[in-house]
There are 6 protein chains.
Amino acid sequence: MDEKTRKTEGGRPAAAAAPKRKAASERVMALDQPRAPLSPAMEAYFKKCDEKIGFVPNVLEAYAFDMAKLEAFVPMYNDLMLAPSGLTKLEREMIAVAVSSQNHCYYCVVAHGAAVRALSGSPELGEQIAINYRAAPLDPRQRAMLDFAVKLTHSPWNVEEEDRARLRAVGFSDRDIWDISAVAGLLNMSNRLASATDMRPNQAYHGQAR
Amino acid sequence: MDEKTRKTEGGRPAAAAAPKRKAASERVMALDQPRAPLSPAMEAYFKKCDEKIGFVPNVLEAYAFDMAKLEAFVPMYNDLMLAPSGLTKLEREMIAVAVSSQNHCYYCVVAHGAAVRALSGSPELGEQIAINYRAAPLDPRQRAMLDFAVKLTHSPWNVEEEDRARLRAVGFSDRDIWDISAVAGLLNMSNRLASATDMRPNQAYHGQAR
Amino acid sequence: MDEKTRKTEGGRPAAAAAPKRKAASERVMALDQPRAPLSPAMEAYFKKCDEKIGFVPNVLEAYAFDMAKLEAFVPMYNDLMLAPSGLTKLEREMIAVAVSSQNHCYYCVVAHGAAVRALSGSPELGEQIAINYRAAPLDPRQRAMLDFAVKLTHSPWNVEEEDRARLRAVGFSDRDIWDISAVAGLLNMSNRLASATDMRPNQAYHGQAR
Amino acid sequence: MDEKTRKTEGGRPAAAAAPKRKAASERVMALDQPRAPLSPAMEAYFKKCDEKIGFVPNVLEAYAFDMAKLEAFVPMYNDLMLAPSGLTKLEREMIAVAVSSQNHCYYCVVAHGAAVRALSGSPELGEQIAINYRAAPLDPRQRAMLDFAVKLTHSPWNVEEEDRARLRAVGFSDRDIWDISAVAGLLNMSNRLASATDMRPNQAYHGQAR
Amino acid sequence: MDEKTRKTEGGRPAAAAAPKRKAASERVMALDQPRAPLSPAMEAYFKKCDEKIGFVPNVLEAYAFDMAKLEAFVPMYNDLMLAPSGLTKLEREMIAVAVSSQNHCYYCVVAHGAAVRALSGSPELGEQIAINYRAAPLDPRQRAMLDFAVKLTHSPWNVEEEDRARLRAVGFSDRDIWDISAVAGLLNMSNRLASATDMRPNQAYHGQAR
Amino acid sequence: MDEKTRKTEGGRPAAAAAPKRKAASERVMALDQPRAPLSPAMEAYFKKCDEKIGFVPNVLEAYAFDMAKLEAFVPMYNDLMLAPSGLTKLEREMIAVAVSSQNHCYYCVVAHGAAVRALSGSPELGEQIAINYRAAPLDPRQRAMLDFAVKLTHSPWNVEEEDRARLRAVGFSDRDIWDISAVAGLLNMSNRLASATDMRPNQAYHGQAR
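Residues numbered from 1 in each chain as written. Chains lettered and ligands numbered in written order. Predicted model: local features only at pLDDT ≥ 70, side-chain atom pairs only at ≥ 80, totals over all residues. Heavy atoms only, no water.

Q: If you had to explain the overall build of chain A to someone new, which residues and values would you point to?
A: Helices and strands together make up the secondary structure of chain A, namely twelve helices and zero strands. In chain A, the succession of helices and strands from N to C terminus is α-α-α-α-α-α-α-α-α-α-α-α. When the 210 residues of chain A are sorted by exposure, 63% land in the buried category. Residue pairs at least 24 apart in sequence account for 66% of intrachain contacts in chain A once pairs closer than 6 positions are excluded. Approximately 7800 Å² of chain A is accessible, and the part contributed by carbon and sulfur atoms is 55%. (Helix = DSSP H or I, 4+ residues; strand = E, 2+ residues; numbered from the N terminus. Buried < 20%, exposed > 50% of the residue type's maximum accessible area, 1.4 Å probe, protein only. Contact = heavy atoms within 4.5 Å. Areas by Shrake-Rupley, 256 points an atom, 1.4 Å probe, with all protein chains shown as cover.)

Q: How would you sum up empty space enclosed by the protein? Please name residues and give values.
A: Counting across every chain of the model gives 13 cavities of 30 Å³ or more. Its boundaries defined by the atoms lining it, the largest cavity holds a volume of some 210 Å³. The set of elements that each furnish at least two residues to the lining of the largest cavity consists of α7 (106-120), α8 (123-131) and α12 (204-207) of chain B together with α8 (123-132) of chain E. A breakdown of the residues in the lining of the largest cavity according to their chemical character gives eight nonpolar, seven polar and four charged. (1 Å grid on protein atoms, 1.4 Å probe; cavity = no way out; pocket = protein on both sides within 12 Å on 5 of 7 lines; lining within 4 Å. Points joined across faces, edges and corners; volume = space filled by probe spheres on them. Nonpolar A, V, L, I, M, F, W, Y, C, P; charged D, E, K, R; others polar.)

Q: Explain the relation of the copies chain C and chain D residue by residue, including any values.
A: Overlaying chain C on chain D yields an RMSD of 0.0 Å, the required transformation being a rotation through 180° with an accompanying axial translation of 0.0 Å. Those values place the two copies in the arrangement expected of a two-fold rotation axis. Among all residues of chain C, the one whose C-alpha sits closest to the rotation axis is M189(C), at a distance of 2.6 Å. (Least-squares fit on C-alpha atoms with pLDDT ≥ 70 in both.)

Q: Can you tell me about the side chain of N132(C), naming the residues and giving the values?
A: With respect to the helices, strands and loops of the structure, N132(C) is situated in helix α8 (residues 123-132). Take N132(C): its relative accessible area is 8%, and that puts it in the buried class. Apart from residues lying up to four places away in sequence, N132(C) is in contact with H104(A) and W157(B).

Q: Explain the interface of chain C and chain D to me, using residue names and the numbers behind them.
A: Counting from both sides, the interface comprises 46 residues of chain C and, opposite them, 47 residues of chain D. Buried surface at the junction of chain C and chain D, summed over both partners, amounts to about 3800 Å²; 66% is from carbon and sulfur atoms. Among the residues chain C hides against chain D, the three largest losses belong to M76(C), W178(C) and R192(C). Together they make up 21% of the total. There are four salt bridges connecting chain C and chain D. The partner of D79(D) in a salt bridge is K69(C), and the shortest N-O contact between them spans 2.8 Å. The tally of links between chain C and chain D comes to 14 residue pairs in polar contact (both at pLDDT 80 or more). Those elements giving two or more residues to the side of chain C that touches chain D turn out to be α4 (58-63), α5 (67-82), α9 (140-154), α10 (161-169) and α11 (174-197) of chain C. Looking at which element gives the most residues to the side of chain C that touches chain D, the answer is α11(C), with 16 residues. (Buried area = accessible area lost by both parts, 1.4 Å probe. Salt bridge = Lys/Arg side-chain N within 4 Å of Asp/Glu carboxyl O. Polar contact = N/O pair within 3.5 Å; in protein donor to acceptor, adjacent residues only side chain to side chain.)

Q: I'd love a proper account of the packing of helix α6 (residues 89-102) of chain F against helix α11 (residues 174-197) of chain F, names of residues and values included.
A: To describe two helices that pack against each other, one gives the angle between their axes and the distance between the axes. All names here are of chain F. Contact geometry of α6 with α11 gives a least axis separation of 9 Å together with a crossing angle of 45°. By the angle between their directions, the pair α6 and α11 is classed as oblique. As for the relative orientation of α6 and α11, their crossing is right-handed in sense. Across the interface between the two elements, R92, I95, A96, V99 and S100 of α6 pack against I180, V183, A184, L187, N188 and N191 of α11. Its residues assigned to classes, the contact of α6 with α11 comprises seven nonpolar, three polar and one charged. (Axes fitted to C-alpha atoms, helices over the stretch in contact; angles between N-to-C directions. Parallel < 35°, antiparallel > 145°, perpendicular 65-115°, else oblique. Left-handed = near helix turned anticlockwise from the far one by under 90°.)

Q: How would you summarise helix α8 (residues 123-132) of chain A if you had to cite specific residues and measurements?
A: Within α8(A), nine of the ten residues are buried, which leaves the element mostly enclosed by the surrounding structure. All buried positions along α8(A) are accounted for by E124(A), L125(A), G126(A), E127(A), Q128(A), I129(A), A130(A), I131(A) and N132(A). Against α6 (89-102), α7 (106-120) and α9 (140-154) of chain A together with α7 (106-120) and α12 (204-207) of chain C lie the buried residues of α8(A).

Q: Explain the packing of aromatic side chains to me, and be specific about the residues and the numbers.
A: Taken as a whole and assessed by the stated rule, the structure comprises 30 aromatic pairs over all chains. Ring geometry for Y63(A) and F73(A): centres 4.3 Å apart, planes at 15°, overall stacked. On the criterion of sequence distance, the pair formed by Y63(A) in helix α4 (residues 58-63) and F73(A) in helix α5 (residues 67-82) is long-range, its members being ten residues apart. Given a relative accessible area of 6%, Y63(A) falls into the buried group. Under the relative-accessibility criterion, F73(A) is labelled buried at 2%. Taken together, the ring pairs in this structure connect Y63(A), F65(A), F73(A), Y77(A) and W178(B) into an aromatic cluster. (Phe/Tyr/Trp six-rings, centres within 6.5 Å; stacked < 30°, edge-to-face > 60°.)

Q: Outline the confidence of the model for chain A, listing residues and values.
A: For chain A, mean pLDDT is 91; residues scoring 70 or higher make up 88% of the total. Under a pLDDT of 50 for its full length, residues 1-20 of chain A has, in the predicted model, 29 contacts with residues more than four places off or in other chains. (pLDDT = per-residue confidence, 0-100.)

Q: Could you give an account of the packing of helix α7 (residues 106-120) of chain D against helix α8 (residues 123-132) of chain F, with specific residues and numbers?
A: Interaxial distance between α7(D) and α8(F) falls to 9 Å at its minimum, and their mutual angle equals 115°. Crossing geometry of α7(D) relative to α8(F) is assigned as right-handed. Here α7(D) contributes Y106(D), V109(D) and V110(D) to the contact with α8(F), which in turn contributes E124(F), E127(F), Q128(F) and I131(F). Considered class by class, the residues forming the contact of α7(D) with α8(F) number four nonpolar, one polar and two charged.

Q: Would you mind going over the environment of M145(F) in detail, with residue names and values included?
A: All names here are of chain F. Relative to the helices and strands, M145 resides in helix α9 (residues 140-154). Judged by relative accessible area, which is 0%, M145 ranks as buried. It is 15 Å that separates the C-alpha atoms of M145 and V116, two residues lying 29 residues apart in sequence. Apart from residues lying up to four places away in sequence, M145 is in contact with L87, E91, M94, I95, L167, F172 and I180.

Quick look at the structure:
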């Protein structure tokens with residue numbers, strides 16, 4: 001049963017009221033954790049996802065076995081990826097893809113790769129960052145941003161003042177450095193949760209903005 | 001000015017009402033971000049920290065430039081480290097230290113290392129996990145838990161069904177696997193934020209439970 | 001000028017007769033090497049490419065500065081990827097993508113990723129192997145094949161009899177082992193030539209078989 | 001039966017006419033693939049090898065189970081290692097050894113190491129590049145050449161414009177950069193084929209030019 | 001039985017006269033090698049240790065199965081760590097800890113970490129170098145010293161003239177460079193012997209100079 | 001001036017009495033440390049080397065700036081490499097070469113590689129271990145020995161009881177395990193000292209036992 005079918009069948013409320021085990025082929029991850037009843041806030045949030053992008057991202061389904069965890073994850077994620085920042089939404093998605101590529105995270109490269117393609121209007125850019133961000137024709141500001149995020153991913157112990165200085169030299173403020181670091185940090189968390197649980201991306205991502 | 005001095009001077013309310021730049025020597029991190037006025041909820045939370053452990057952990061001070069970020073971080077952190085789980089609090093702290101050791105994160109090894117010493121009553125165990133968890137005399141369950149968390153840290157792309165099977169074989173449920181993964185993920189996030197910002201641990205941690 | 005425009009303008013013969021420097025934006029790689037006149041055999045081969053897939057792969061354009069090199073590369077490549085073998089063409093393309101992903105080669109993941117999508121009819125499979133082949137639902141035979149190819153890529157010095165034994169155990173013959181190794185070897189060569197020269201894939205690949 | 005014995009026994013023609021399985025101790029690799037009858041061109045080429053260097057390199061014996069593969073490999077190899085180039089033959093052999101040392105390839109370090117000793121007249125130089133090219137007293141041009149080839153070997157994804165700029169700064173043309181990259185690429189292929197098949201170097205190499 | 005108990009019970013002479021197998025819980029390492037009778041020189045040296053620091057370091061107990069090995073180790077160790085040098089004793093202990101941290105050696109980080117805390121009077125400095133020396137507020141001279149020692153530890157093949165030049169630029173003499181290298185080398189030896197034998201540090205170290 | 005010339009000129013006594021700076025081309029390492037007068041014991045030892053192998057190994061020349069260091073190094077080295085042991089001298093030299101190959105140490109692979117060739121009578125074995133010990137036709141005992149030594153070299157933190165168990169399973173005693181570890185440890189020290197100082201092997205090694 002794909003997301004669209006489920007939607008035409010009446011969607012969330014029923015599912016929330018009567019969670020049941022999915023067949024293996026429908027599972028969003030390798031852990032067997034039945035969905036908890038959605039809280040009203042999360043009920044509304046899932047509905048909003050469905051309306052806005054046509055499906056509920058599987059990462060949310062994965063967290064939905066426990067409302068406390070889901071309700072802690074959603075605001076942190078949304079603050080980092082969507083709240084006002086010196087970084088554009090596209091830039092935050094570029095960090096997400098570059099970090100996830102470094103970590104070879106299937107779920108996150110697919111989901112955030114679609115976002116880079118959509119927000120940039122460039123399928124090539126999405127592919128470049130997914131495969132090797134050094135192959136993308138970035139301006140010095142964005143290149144420094146991804147250099148920092150990727151170094152922070154593969155060897156955080158080597159990040160020092162001179163790395164921050166390189167960001168400042170291309171115009172990033174201290175607040176921007178926090179945001180770059182926090183988004184890179186978030187993806188380093190999500191990459192690991194997705195890999196640990198074999199989280200599967202919604203199929204809809206694959207064809208988006210190609 | 002150390003935490004204790006500040007506390008005897010009347011503490012949080014004044015600081016919250018009139019945040020001012022700290023001298024370099026007092027800074028909790030390398031980014032220059034003045035503290036925002038604490039929201040009532042965070043005001044209460046900081047006060048609770050002070051009462052309970054005698055200081056406010058610097059990671060909270062670091063997040064306190066923006067109430068939205070602080071208020072998103074605190075519940076996620078507390079849910080993962082303190083909420084009911086198949087993992088004891090000590091086990092979650094053990095994961096925190098093993099992951100942070102792999103990432104050579106000064107802030108996190110110091111802060112969570114103190115927690116392992118305190119919760120286990122064993123200074124040796126704290127040191128062993130901080131330096132090389134393989135040197136600790138762990139039972140098979142805890143050893144498998146740390147093997148999983150550390151592998152997930154250094155090469156998440158290699159984590160597969162057989163890794164989950166090893167956890168199940170020593171008695172962990174799928175829900176426990178989520179919790180191990182989520183705590184390991186959280187620390188992979190915090191390690192990077194701490195390294196990116198040169199976050200400094202409160203001095204009080206060093207002597208705790210030695 | 002994209003491939004399609006060039007084709008409607010009369011295509012290869014003119015280009016072959018009068019090679020001229022391309023503007024930077026049209027270059028297929030970062031080295032400035034004007035195309036040599038195509039030999040009759042290569043003239044025919046390029047025409048065949050154009051007719052069959054609608055464009056000449058840029059790797060051939062990159063080699064076309066020297067007919068001896070182009071004429072040595074084409075038969076080796078075609079023998080390995082297209083000649084009769086115990087491996088299907090899809091399997092050889094899967095090896096190509098898995099190796100190129102390990103080497104983060106933009107050109108090769110894009111070009112061979114399109115082939116995997118086209119030959120398998122599965123956009124997901126193409127993405128899985130491009131990002132992390134361990135996330136693909138492979139049967140044991142194909143999984144062993146990619147495990148061998150990827151190990152041979154990242155640490156060839158560790159490949160030993162027990163690795164060959166694993167391939168034989170899932171049904172591969174010694175001849176098949178040669179073919180797996182030779183395709184993995186070829187891509188390890190091409191990945192390096194592409195990275196060394198910043199070779200750019202034809203744009204047409206991006207949208208193929210999505 | 002060693003190469004010299006075989007030669008005095010009348011050599012190739014008989015072997016070509018009646019290929020038979022070799023005993024394990026005589027095998028050139030761990031795969032059991034009987035030699036195909038040599039084509040006239042390859043017959044002549046093997047004879048030429050025998051006359052010129054006293055034996056047929058085992059890599060050719062290994063490929064000789066299939067004339068299409070042998071006839072594709074020989075011209076590509078000879079073009080890269082022997083055709084006119086801005087790089088001397090010694091320099092191409094130096095690249096071959098440095099790359100093979102990085103990949104710990106027994107066959108290739110032995111075979112190409114002998115070539116470096118012979119062409120340079122310096123047994124020390126051969127050993128230095130085989131063990132650690134940084135220990136060799138190279139001029140800046142050759143040092144830059146090997147730095148590029150070795151970086152391209154261990155992390156091709158990090159090779160960028162500034163790496164090419166370093167080669168140009170010591171006098172290499174774009175054509176030379178292609179040749180450096182192509183030789184490094186070829187050895188990255190051969191190293192993997194040799195490791196995958198446990199290819200054994202002819203014994204004659206060991207004592208050459210010591 | 002801890003060191004102090006043993007001491008009040010009459011200490012070394014008896015033990016030396018009648019070596020006997022220790023119970024597993026008392027063993028200083030995972031190898032079962034009974035102590036040899038101490039030579040008079042080593043008898044005196046062990047007594048001196050006991051008087052000066054209150055216990056005999058377990059590394060000496062581990063070597064004490066063979067007087068030739070113990071008597072070869074002690075002077076080399078003492079010359080490197082204690083003899084006159086352009087490096088202070090603290091600096092040599094800092095190298096010891098930084099190298100041992102890189103090698104995740106439980107025994108050596110514990111034993112030498114205690115020395116750094118004691119000699120520097122700074123528990124923080126000990127922790128910083130044990131976890132990540134880059135987090136310690138070092139002057140340029142000591143920073144260069146540890147950068148060299150740690151690089152020499154993780155990739156000795158990359159150490160070249162420019163690395164020595166960096167040491168000279170901050171004031172180190174050639175003799176000092178030898179001493180830095182020799183201490184780093186010694187610890188690379190001891191780390192491996194300790195890891196290979198699961199050597200356990202004396203408990204007394206844990207609480208020292210906190 | 002090579003070793004042999006120096007010998008016919010009257011050799012050590014003069015040199016010891018009047019140490020003088022060598023020209024750059026004659027230096028045994030990149031550090032400028034004039035030789036100290038040899039102590040009588042070392043005078044005799046150097047003479048013995050000269051008589052027995054025709055030259056004084058440069059590592060001894062390198063240490064000869066300080067008699068305390070030279071006199072500490074020599075007995076430790078000789079005990080480990082030459083004293084009675086469950087390991088043959090050849091086996092200890094095999095460990096030395098395998099470790100030094102892992103560390104790409106020019107001095108040590110050359111000097112100990114010559115010893116393996118001489119003691120085994122097999123030039124191939126020397127080359128195999130110098131390039132990739134996995135390519136050598138070792139019996140299970142020696143293979144386990146080198147596996148342990150090489151793992152201890154590249155990731156000592158991962159060596160555990162199961163690694164020791166593998167050695168015991170092929171017949172090594174606990175004392176043998178100490179010796180394997182100590183030789184591997186010694187070479188990890190010497191490799192670093194040689195790399196740090198750019199120590200040059202005596203030319204005589206290159207042609208020995210080919």
